[in-house]
Amino acid sequence: MSSFIEDNYQGKGMEEKYRIIVENSPHFMAEISENGEFLDVNLKMAESLGMSKEEIIGRNLSEIMPQKIAKKRLEKGRKAIKEGRPQVFEDSREGRWFHNVVFSVPKRGSFVVCVRDITHLKKAEKKLKESEKILKMILENLTTGVYIFQDKKFVFVNKAMEKLTGYTRRELLSINYLKLVDPSYREEMERLTNRVIEANTKNIPLRPEFIGLRKNGEKVWVENIPTVIKYNGKTAILGNLVDITDKRIMEEKIKNLGTFYRRLGRAVNLSANLDTLCRRILNTLKDIIAYDMADILIYKKEKNALVLLVQVGYPDDLKEKTIREQKVEGKELKVAAFSALKRKPIYIENMKEHPLTGYVHSLCKKYNISQMYTLPLISQDKLEGVLQVVVKEPKTLSREDRSLLDAVSEEIAAGIAKIKAEEKLRELTQKDYLTGLYNYQHLWQKVEEEEERGKRYGEVYSAIYLDIDNFKAYNDTYGHLEGDRVLKKLGEILKSSLRKSDSAYRYGGEEFVILLPHTKKEMARTVAERIKDRVCKNLSFARITVSMGVTDSDTSENVVRTADEAMYEAKREGKNKIKVI
């Protein structure tokens, strides 16, 4: 490079000055002849080629550099000499980028190559482009609307703004922004927007909420998060619109949830039985879940089964298809039993096709029933029952709806457990511990109810008085434990022989009374005969027989005493008999 400097930078101190600059330049520099021979190189170029200056000078480009690069450099050098103007180009090798400036050396028939490593710039440029691409991708894929508002119109909107408003991007860039606001909020939003633009943001909500209007007229709750920015040298608002409709709905439901808890507590305190409590629960649930149908099944531990207690909103033909008792075991489980067995909620999105609702697919189609949510009611790790809610199309049971039901399920279960405990306590005071039948005290309470019903509605009822024949002798012979076994077995026989409306009582010792509402003595005799046959069959191991007296309220005002007298006549006639008076 010395000859180039001598020819071009002559003068006192100039030659030395420029030699120092060239030799210490961070760029790769070399003077090359028109034939491709190195005439001079600076230290940077020599280092990049891994050779000393002396080893390079005098050698050809093609001897030191790859053929492709050497050829291109020589072509550009010759062109610079021929045209008399610099040649600028970029090339790359081994993952690095270089900026090349080639210019001719007048009168010498050579050219100078000045090469600058721009790899870091290329990487920065690539990174910038990738960042811009990522930023654009983020903006376009955000679930919240992003906009720039300037001169009372939108100058930029992302894709989420289209989804939020129902308008296309082109429409949004030309629309009056107030058209997106419900009339009841337009004046307020215009005032807030002007104050934000003026940077007079004192006392303005940082995240104002308003009702927006979609293109189709649908209303949606929106939260606006505005920031004042400079855009193209002018004041603008960079805003973020968030659909908070679900949040607003949830807030309302949470408010209703508090009301529900208060009403549930009141229902538990006021309900005397499970039926009343569960009806109140389902009615109260309407405040937080807009269901179409719902039911509650109670878990009976002694049966290991769910028993349907209350249904709300079911059509009659769907009620008839309802399975009223579901064993919580086995493989062929229905929805409620499956939920109870797994102790997990079950969400069915399409009842018309789901295998667990196969037995009612046709009715689901008939009534356009769509979704069901079934959840176990568990309190203190004990299964108390199952709650089911059902909706018709176009309703759905949203994630929020299901979460709310999950939240209240334990409180419902606790309420059911409390009423169950109270009923059990009442049962203990009303029932005989050995036979499981009602006791003497409860008999007279029931008799009074039947007498009152008879006076008010003219209804007739019957009584059967039963006594075990020779029971004292059986006890004396086989002992009281065997006697208790007979009494317990007789209690089971009586319960299995009666209708749901009938009731059986242990009157004392080996004496029993049976009350049959809406029944005359002729039909009561049929019941007595059935009991007598079952006693002979099921207590044959003890050779036990019974004597029974039957009467009704048309015959006697005191049906229990008259039935007792009839029973004694049966005994006098030889025992193991039925006497009707």
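For the structure, check the block above.
Okay, so let's go over this structure. Residue numbers run consecutively from 1 along every chain, following the written order of its sequence. Given that the model is predicted, a residue must reach a pLDDT of at least 70 before its local features are reported, and side-chain atom pairs must reach 80 or more before they are shown or counted; all residues, however, enter totals for whole chains, interfaces and linings. In computing side-chain properties, one takes all heavy atoms of the structure into account and sets aside hydrogens as well as water.

### Structural notes on the overall build of the chain
Item 1. For the chain, the count of helices and strands is 21 helices and 21 strands.
Item 2. We compute the radius of gyration over the C-alpha atoms and compare it with the globule rule, which gives 2.2 Å times the number of residues raised to the power 0.38. The C-alpha radius of gyration computed for the chain amounts to 48 Å, which surpasses the reference 25 Å derived for 581 residues by more than 25%, pointing to a less compact arrangement than a globule.
Item 3. For the C-alpha atoms alone, the extent of the chain along its principal axes is close to 155 × 65 × 40 Å.
Item 4. Counting across all 581 residues of the chain, residues that qualify as buried make up 43%.
Item 5. Partitioning the contacts of the chain with sequence separation of at least 6, the portion at a separation of at least 24 is 52%.
Item 6. Accessibility throughout is a Shrake-Rupley quantity obtained with a 1.4 Å probe, and a residue counts as covered only by protein chains that appear here. Summed over all atoms, the accessible surface of the chain reaches about 32,500 Å², with 49% contributed by carbon and sulfur.
Item 7. A positive count includes Lys and Arg, and a negative count includes Asp and Glu. His and the chain ends are not counted in either. Positions of charges follow a simple convention, taking NZ of Lys, CZ of Arg, CG of Asp or CD of Glu. Counting 105 positive and 88 negative side-chain charges, the chain places the centres of these two groups 3 Å from one another. Here a strand is any run of E in DSSP of at least two residues, a helix any run of H or I of at least four, and the numbering for each starts at the N terminus. Think of it in three bands: residues with accessible area under 20% of the maximum for their type are buried, residues over 50% are exposed, and the middle band is partly exposed, with areas taken using a 1.4 Å probe on protein chains only. Throughout, a contact is declared for two residues whenever any of their heavy atoms are within 4.5 Å.

### A closer look at helix α17 (residues 440-457)
Item 1. With 18 residues, α17 should cover 26 Å at 1.5 Å per step; its first-to-last C-alpha distance of 26 Å lies within 8% of that length.
Item 2. Turning to α17, its buried residues number three or more, namely H442, L443, V447 and E450. Buried residues of α17, seen end-on, are gathered within an arc of 140° and therefore sit on one face of the element. Exposed positions of α17 whose direction lies more than 90 degrees from the buried face are Q441, E448, K455 and R456.
Item 3. Against the buried residues of α17 lie α16 (399-430), β17 (461-468), β18 (503-508), β19 (511-517) and α21 (559-572). One fewer than the residue count of a helix, multiplied by 1.5 Å, yields its expected span. The directions from the helix axis to the C-beta atoms are what the arc is built from.

### Remarks on the packing of aromatic side chains
Item 1. A pair of Phe, Tyr and Trp rings is counted when the ring centres sit within 6.5 Å of each other, with Trp represented by its six-membered ring. The angle between the planes then sorts it: under 30 degrees is stacked, over 60 is edge-to-face, the rest tilted. As enumerated under the stated definition, the model contains 13 aromatic pairs in all.
Item 2. A centroid spacing of 4.7 Å and a plane angle of 45° characterise the contact between Y474 and Y478, whose relative ring orientation is tilted. Taken together, the residues span about one helical turn, with Y474 and Y478 both in helix α18 (residues 471-478) at a distance of four residues.
Item 3. Its relative accessible area of 54% is what places Y478 among the exposed residues.
Item 4. Taken together, the ring pairs in this structure connect Y147, F149, F154 and Y177 into an aromatic cluster.
Item 5. Over the aromatic face of Y347 sits the side chain of R402, whose NZ or CZ is 3.8 Å from the ring centroid.
Item 6. Here, over-ring charges are defined by two tests on the NZ atom of lysine or the CZ atom of arginine: distance to the ring centre within 6 Å, and angle to the ring normal within 35 degrees. Seen from the ring of Y438, K431 lies directly overhead, with NZ or CZ sitting 5.1 Å from the centre.

### Things to note about the side chain of D182
Item 1. With respect to the helices and strands, D182 occurs in the loop between α9 (169-172) and α10 (183-197).
Item 2. Using a relative accessible area of 6% as the deciding quantity, one classes D182 as buried.
Item 3. Polar contacts involving the side chain of D182 include one to the side chain of K219, which spans 3.3 Å. Throughout this description, a polar contact denotes any pair of N or O atoms lying within 3.5 Å of each other; where both atoms belong to protein, one of them has to be capable of donating a hydrogen while the other can accept it, and for residues adjacent in sequence the pair is counted only when both atoms sit in side chains.

### With respect to a nonpolar patch on the surface
Item 1. Nonpolar side chains collect at one region of the surface, where I134, M137, I138 and L142 lie side by side and expose about 350 Å² of accessible area between them.
Item 2. Turning to its location among the elements, I138 is positioned in helix α7 (residues 119-141).
Item 3. Looking at I138, the relative accessible area reads 42%, which means it is partly exposed. In this scheme, patches are assembled from residues that exceed 30% relative accessible area and form no salt bridge. Like charges are connected within 9 Å, while nonpolar side chains (Val, Leu, Ile, Met, Phe, Trp, Tyr) are connected within 5 Å. One side-chain nitrogen of Lys or Arg within 4 Å of one carboxyl oxygen of Asp or Glu is enough to make a salt bridge.

### So, the pattern of salt bridges
Item 1. This model, assessed by the stated rule, comprises 38 salt bridges.
Item 2. Between E63 and R59 there is a salt bridge, with its nearest N and O atoms 3.7 Å apart.
Item 3. For E63, a relative accessible area of 49% gives the class partly exposed.
Item 4. E529 serves as the salt-bridge partner of R525, at 3.1 Å between the closest nitrogen and oxygen. On the criterion of helical spacing, the pair formed by R525 and E529 is a turn pair, its members being four residues apart in helix α20 (residues 521-538).
Item 5. Judged by its relative accessible area of 33%, R525 falls in the partly exposed class.

### A short note on the sheet that holds strand β6 (residues 145-150)
Item 1. Only strands that DSSP links by at least two bridges are regarded as paired with each other. Ordered by their spatial adjacency, five strands build an open sheet running β7-β6-β10-β9-β8, and the pairing between neighbours is antiparallel. Each end of this open sheet is capped by a strand with a single partner; those strands are β7 (153-157) and β8 (209-213). On average, adjacent strands in this sheet sit at an angle of 40° to one another, irrespective of strand direction.
Item 2. When β6 meets β7, the two strands line up antiparallel, connected through four bridges. Pairing of Y147 across the sheet is with V157, part of β7.
Item 3. Here, axes are lines fitted to C-alpha atoms. For helices the fit covers the stretch in contact, and angles between N-to-C directions go from 0 to 180 degrees. Each of β8, β9 (219-231) and β10 (234-243) is contacted by helix α11 (residues 245-270), which is oriented at about 130° to β9, the strand it contacts most.

### Quick look at α11
Residue pairs three or four apart in sequence face the same way in an α-helix, which turns once every 3.6 residues.
Item 1. Between the first and last C-alpha of α11 there are 37 Å, a value that for 26 residues agrees with the 38 Å anticipated at 1.5 Å per step.
Item 2. Of the positions making up α11, those classed as buried are T245, K253, N256, L257, F260, L264, A267 and V268.
Item 3. Contacts made by the buried residues of α11 are with β9, β10, α12 (274-285) and α16.

### Quick notes on the nonpolar core
Item 1. Only buried Ala, Val, Leu, Ile, Met, Phe, Trp, Tyr and Cys residues count toward a nonpolar core, and they belong to the same one when joined by side-chain atoms within 4.5 Å. Residues L282, L285, Y291, I296, L387, I412 and I416 are the most contacted members of the largest nonpolar core, which totals 33 residues.
Item 2. Of all the secondary-structure elements, those providing two or more residues to this core are α11, α12, β11 (293-300), β12 (305-312), β15 (369-379), β16 (382-392) and α16.
Item 3. Per element, the largest residue contribution to this core is seven residues, and it comes from α16.
Item 4. Residues in contact with Y291, not counting those within four places in the same chain, are L282, N283, L285, K286, V312, V389, V390, V391 and K395.

Treat this as a map of the structure, not an account of what it does.
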